[in-house]
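Single-letter residue listing:
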Amino acid sequence: MAGDVVKLAPSILAADFARLGEEVAAAEHAGADRIHVDVMDGHFVPNLSMGVPIVRSLRLVTQLPLETHLMISDPDVFLDEFVEAGADPVLVHWEGNDNLHRTVQRINALGKRAGVVINPATPASVLEEILQDVDQVLIMTVNPGFGHQHFLHTTLPKIRRVRQMIERVKPGCDLEVDGGINAETAPLVVQAGANVLVAGSAIFGHDEGVAAATKRLRAAACASTN
Ligand code: DX5
Ligand code: ZN
């Protein structure tokens with residue numbers, strides 16, 4: 001995979017919420033490709049984070065896509081609100097959704113791109129029948145719910161398997177990874193076939209600043225492809 005097609009999606013979960021607009025502007029200026037918004041309900045995952053108002057406010061201050069990762073128990077209930085606020089793509093988990101195809105159809109019917117997320121213990125094979133209907137797949141490389149966790153190296157073979165599946169079933173579908181991505185792990189996931197990298201703590205809250213951190217992460221991700 002060519003290094004220049006690796007996209008970066010900074011996760012604002014690690015940003016300074018008191019300066020959220022500035023943090024997102026800094027990421028955009030540094031060349032981020034999308035902004036990753038982690039929505040948690042304290043039920044699907046054991047943590048609370050943010051919701052629709054954050055998406056609505058950020059939609060006014062950035063040109064970047066607001067990729068919205070729904071870690072909530074019943075995403076269908078909130079799809080309209082998130083889409084109306086400016087979420088796109090909308091990423092929903094395979095886990096706990098007995099009608100995933102319906103959820104994906106609903107996102108598409110609202111005119112937005114849909115992505116499906118799988119947790120570390122969920123096998124790649126669950127994607128077989130939904131892959132043709134989505135624009136991206138997100139493989140969790142930590143257990144969802146918190147930033148600043150360590151990358152799970154056991155997810156690497158799964159990334160390779162999903163890359164093969166995408167080439168076979170839906171070439172052009174994005175393969176994204178989320179959790180513990182930094183300058184050390186980025187080359188590993190890119191080599192395994194990921195082309196979109198979510199990064200929270202590696203970009204925000206870093207001593208060197210958002211611009212330098214973004215540059216370093218992109219260089220690490222691209223170097224692995226040269
Ligand atoms: C975890 C979230 C991630 C998180 C990543 O549940 O989905 O997007 O922000 O944070 P880092 O990059 O710090 O592991
Ligand atoms: Zn996320």
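What comes next is a walk through the structure. (Residues numbered from 1 in each chain as written. Chains lettered and ligands numbered in written order. Predicted model: local features only at pLDDT ≥ 70, side-chain atom pairs only at ≥ 80, totals over all residues. Heavy atoms only, no water.)

1. A short note on helix H1 (residues 20–29)
Two residues of an α-helix separated by three or four positions point the same way, owing to the 3.6 residues in each turn.
Point 1. When we look at burial in H1, the residues that qualify are Leu20, Glu23, Val24 and Ala27. Looking straight down H1, one finds that the buried residues subtend no more than 95° of arc, so they occupy a single side. Exposed and facing more than 90 degrees away from the buried side of H1 are Glu22 and His29.
Point 2. In the core, the buried residues of H1 are packed alongside strand S1 (7–10), strand S2 (35–40), helix H2 (52–59) and helix H7 (210–223).
Point 3. Gly31 sits one or two positions beyond H1 and adopts a positive phi of about 100°. (Buried < 20%, exposed > 50% of the residue type's maximum accessible area, 1.4 Å probe, protein only. Helix = DSSP H or I, 4+ residues; strand = E, 2+ residues; numbered from the N terminus. Arc of directions from axis to C-beta. Contact = heavy atoms within 4.5 Å.)

2. Examining the packing of helix H3 (residues 75–85) against helix H4 (residues 100–109)
Point 1. Contact pair H3 / H4: the axes reach a minimum separation of 10 Å and the direction vectors enclose 10°. Compared by their axis directions, H3 and H4 come out roughly parallel. Contact with H3, carried on its side by Asp76, Leu79 and Asp80, involves Thr103, Arg106 and Ile107 of H4 and no other residues of that element.
Point 2. A per-class count over the contact of H3 with H4 returns two nonpolar, one polar and three charged. (Axes fitted to C-alpha atoms, helices over the stretch in contact; angles between N-to-C directions. Parallel < 35°, antiparallel > 145°, perpendicular 65-115°, else oblique. Nonpolar A, V, L, I, M, F, W, Y, C, P; charged D, E, K, R; others polar.)

3. A look at the site of ligand 1
Point 1. Near ligand 1 there are 20 residues, and of these Asp38, Gly145, Asp178, Gly200 and Ser201 occur at the shortest range.
Point 2. His36 places a side-chain nitrogen or oxygen 3.4 Å from an oxygen atom of ligand 1.
Point 3. Contact distances for ligand 1 include 2.7 Å between an oxygen atom and a backbone N or O atom of Gly200.
Point 4. Here ligand 1, which alone exposes 380 Å², has 99% of that area covered by the protein. (Near = heavy atom within 4 Å. Polar contact = N/O pair within 3.5 Å; in protein donor to acceptor, adjacent residues only side chain to side chain. Areas by Shrake-Rupley, 256 points an atom, 1.4 Å probe, with all protein chains shown as cover.)

4. Examining the pairing of strand S6 (residues 136–140)
Point 1. Across the five residues of S6, five count as buried, placing the element largely inside the fold.
Point 2. Burial along S6 is two-sided: Gln136, Leu138 and Met140 facing one way and Val137 and Ile139 facing the other are all buried.
Point 3. Pairing of strand S5 (residues 114–118) with S6 involves four bridges; the strand directions are parallel. Among the inter-strand pairings, Gly115 is bridged to a residue of S6, identified as Gln136. (Pairing = 2+ DSSP bridges.)

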